[in-house]
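What follows is the residue order along each chain.
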Amino acid sequence: MRLPLMAKATLLMLALIAAGLPLTAHAADAAATRPPLQRDADAIRDLGVTGVQARVSTAEHSLAVTSGVADRTTGRPVPTEGRFRIASTRKAFVATVAVQLAGEHRLALDDTVERWLPGVVRGPGYDGRAITVRQLLQNTSGIPDDLPGYTNEQEYAEQRYDIWTREQLVARAMTHPLTFPPGTAWGYSNTGFILAGMVIERVTGHPLHQEITDRIIRPLGLTQTTFAGTAPTLPRPHARAYELFSPGNLVDVTEQVSGDPDSIISSTRDLARFFRALMTGDLLTPAERAAMQHTVPIDAEVEQVWPGGRYGLALAARPLPCGGVYWGHDGGDAGYITVTGVTPDGRRSAIVSMSTALGDSLEHHLQQQRAADTLIQHALCAHP
């Protein structure tokens, strides 16, 4: 359920009472007079998220706010230009390159994986001749999701410097049965996008990061967007990342090697520019954008996270409370959670980065997602 601003203000007052803080008339007035973007960022912080960056952008201006702290030990403030691992939000970058290559007739979205990666997707129940590039990008391939991760503090300590190749990750996923016959259902698969990156490299003869840099990062001037590689640290400035593994067990998980070999680090400013460019024609022709926005229903599990959502080629469509839909792709990994949104005309985008993952329960995870969704939707529905 999405809460209107008045209801959110009421929840904030209740939170102050629960914390034992006096709710004076001055405090209530101050809460009510904060700008909406700041109010929504603070509401995310009040759930237990250590640090929040939020930005709403148009062609004419960009407004950024922060809430919480960047470091629980020092209490330093969250930087407005902070860098963070964008996790699955990078899928929109990969799909954009693939759709551009299709527009250039260098590949077809309905090409089979076997055509470009012969022998890679083979095994009991697997046949690369039955899976297309489009299905990889739309999560309809049936290839299971098996990206390495950790569920507790001990696993984080033991695994945080592990390095995986794409080939190892694909082989790891294919030790599990195919989730469903290709093209018959929808299931989120990081493995599918790893294969899509491998296809792009085979088509172009260049590393994936070079194609993303040449086609997206450099033309758009995304100066705060880089590739993590095997480095366990992030460029400065950045907020430290935390994971709530269980109630009261908040762990600093900033330093680690991403399990995704193609991990991207970015900022709210750069992501706002990227998602607006997707809609305004700076990256795709109308036909290419239409292909990327051709959606299918998502499964019941992800429907909990994206209520009313549908999925295109690494772009999710979500309903706006003020009417119509908005587009974006969220990401979560290594304590950083990214939630994004852009209007269909590209005139307005909103990005929120949270440096804590409330992973101790599904309830807390969904509360965090709902609060971030509320910020995005308020920002996109606001009058210019």
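Residues numbered from 1 in each chain as written. Predicted model: local features only at pLDDT ≥ 70, side-chain atom pairs only at ≥ 80, totals over all residues. Heavy atoms only, no water.

### Comments concerning unusual backbone geometry
Working note: non-glycine residues mostly have negative phi, and peptide bonds are mostly trans.
Working step 1: Of note, the bond from Arg236 into Pro237 is cis; its omega dihedral lies within 30 degrees of zero at 0 degrees.
Working step 2: In this structure, Ala314 is a non-glycine residue whose phi angle is positive, near 60 degrees.

### Thoughts on the layout of surface pockets
Working step 1: The space that makes up the largest pocket amounts to roughly 1600 Å³.
Working step 2: Asp145, Asn190, Gly332, Asp333 and His365 are the residues nearest the centre of the largest pocket, which is lined by 49 residues in total.
Working step 3: Contributing elements (two or more residues each) for the lining of the largest pocket: strand 7 (242-246), helix 13 (300-305), strand 14 (331-333), strand 15 (336-342) and helix 14 (362-381).
Working step 4: Partitioned by chemical class, the residues of the lining of the largest pocket number 18 nonpolar, 20 polar and 11 charged. (1 Å grid on protein atoms, 1.4 Å probe; cavity = no way out; pocket = protein on both sides within 12 Å on 5 of 7 lines; lining within 4 Å. Points joined across faces, edges and corners; volume = space filled by probe spheres on them. Helix = DSSP H or I, 4+ residues; strand = E, 2+ residues; numbered from the N terminus. Nonpolar A, V, L, I, M, F, W, Y, C, P; charged D, E, K, R; others polar.)

### Here's the deal with the pattern of salt bridges
Working step 1: With the rule as written, the count across this model stands at 20 salt bridges.
Working step 2: In this structure, Glu81 and Arg269 form a salt bridge, with 2.5 Å as the shortest nitrogen-oxygen distance. In this pair, Glu81 is assigned in the loop between strand 2 (62-68) and strand 3 (84-85) and Arg269 in helix 11 (residues 268-280), connecting sequence segments 188 residues apart.
Working step 3: Arg269 gets classed as partly exposed once you look at its relative accessible area, which sits at 38%.
Working step 4: In the salt-bridge network here, residues are joined through shared partners; they are Arg90, Arg166, Glu201, Asp260 and Asp262. (Salt bridge = Lys/Arg side-chain N within 4 Å of Asp/Glu carboxyl O. Buried < 20%, exposed > 50% of the residue type's maximum accessible area, 1.4 Å probe, protein only.)

### A few points about the state of the cysteines
Working step 1: Taken as a whole and assessed by the stated rule, the structure comprises 1 disulfide.
Working step 2: With a sulfur-sulfur separation of 2.0 Å, Cys322 is cross-linked through a disulfide to Cys381. In this structure the cystine formed by Cys322 and Cys381 twists about its S-S bond by roughly -80 degrees; its chirality is therefore left-handed. Of this pair, Cys322 sits in the loop between strand 12 (316-319) and strand 13 (325-328) while Cys381 sits in helix 14, placing them 59 residues apart in sequence. (Disulfide = S-S within 2.5 Å.)

### As for the sheet that holds strand 8 (residues 249-252)
Working step 1: Sheet architecture is open: 3 strands sit in the order 8-7-17, paired in mixed fashion. A single partner strand is all that each edge strand has here, and the edge strands are strand 8 and strand 17 (356-357). (Pairing = 2+ DSSP bridges.)

### Remarks on the sheet that holds strand 6 (residues 226-227)
Working step 1: One open sheet holds the 3 strands; their spatial order is 3-9-6, and the pairing between them is antiparallel. Unpaired on one side and paired on the other, strand 3 and strand 6 mark the two borders of the sheet.
Working step 2: As defined by bridge partners, strand 6 adjoins strand 9 (residues 264-266) across 2 bridges and the pair is classed as antiparallel. Bridge pairing in strand 9 places Phe227 opposite Ile264.

### Focus on the nonpolar core
Working step 1: Among the nonpolar cores identified, the biggest contains 78 residues, and Phe93, Leu137, Phe274 and Leu278 are the most heavily contacted of them.
Working step 2: For this core, the element with the most residues is helix 4 (residues 90-103), which contributes 9 residues.
Working step 3: Within the second largest apolar cluster, 24 residues are counted, among which are Leu37, Val56, Leu244 and Ala372. (Core = buried A, V, L, I, M, F, W, Y, C linked by side-chain atoms within 4.5 Å.)

### Some details on empty space enclosed by the protein
Working step 1: Taken as a whole, this structure holds 3 cavities of 30 Å³ or more when the rule is applied.
Working step 2: Roughly 60 Å³ of internal volume is contained in the largest cavity.
Working step 3: Taken together, Trp306, Ala316, Arg318, Tyr326, Trp327, Gly328, His329, Asp330, Val339, Thr340 and Asp373 form the lining of the largest cavity.
Working step 4: Listing elements by their share of the lining of the largest cavity, those giving two or more residues are strand 12, strand 13 and strand 15.
Working step 5: Considering each element in turn, the lining of the largest cavity owes the most residues, 3 residues, to strand 13.
Working step 6: Every residue lining the second largest cavity is listed: Gly51, Val52, Gln53, Val78, Arg83, Ala239, Tyr336, Ser353, Met354 and Ser355.
Working step 7: Mapped by element, the contributors of at least two residues to the lining of the second largest cavity are strand 1 (51-57) and strand 16 (349-354).
Working step 8: Counting residues per element, the lining of the second largest cavity draws most heavily on strand 1, at 3 residues.

### Examining the packing of aromatic side chains
Working step 1: Inspection of the entire model under this criterion finds 7 aromatic pairs.
Working step 2: Centre to centre, the rings of Trp186 and Tyr188 are 6.3 Å apart; their planes meet at 55 degrees, and the pair counts as tilted.
Working step 3: Judged by its relative accessible area of 7%, Trp186 falls in the buried class.
Working step 4: Classification of Tyr188 by relative accessible area gives partly exposed; the value is 22%.
Working step 5: Between the aromatic rings of Trp306 and Tyr311, the centroid separation amounts to 6.2 Å while the plane-to-plane angle is 10 degrees, which identifies the pairing as stacked.
Working step 6: Residue classification places Tyr311 among the buried residues on the basis of a relative accessible area of 0%. (Phe/Tyr/Trp six-rings, centres within 6.5 Å; stacked < 30°, edge-to-face > 60°.)

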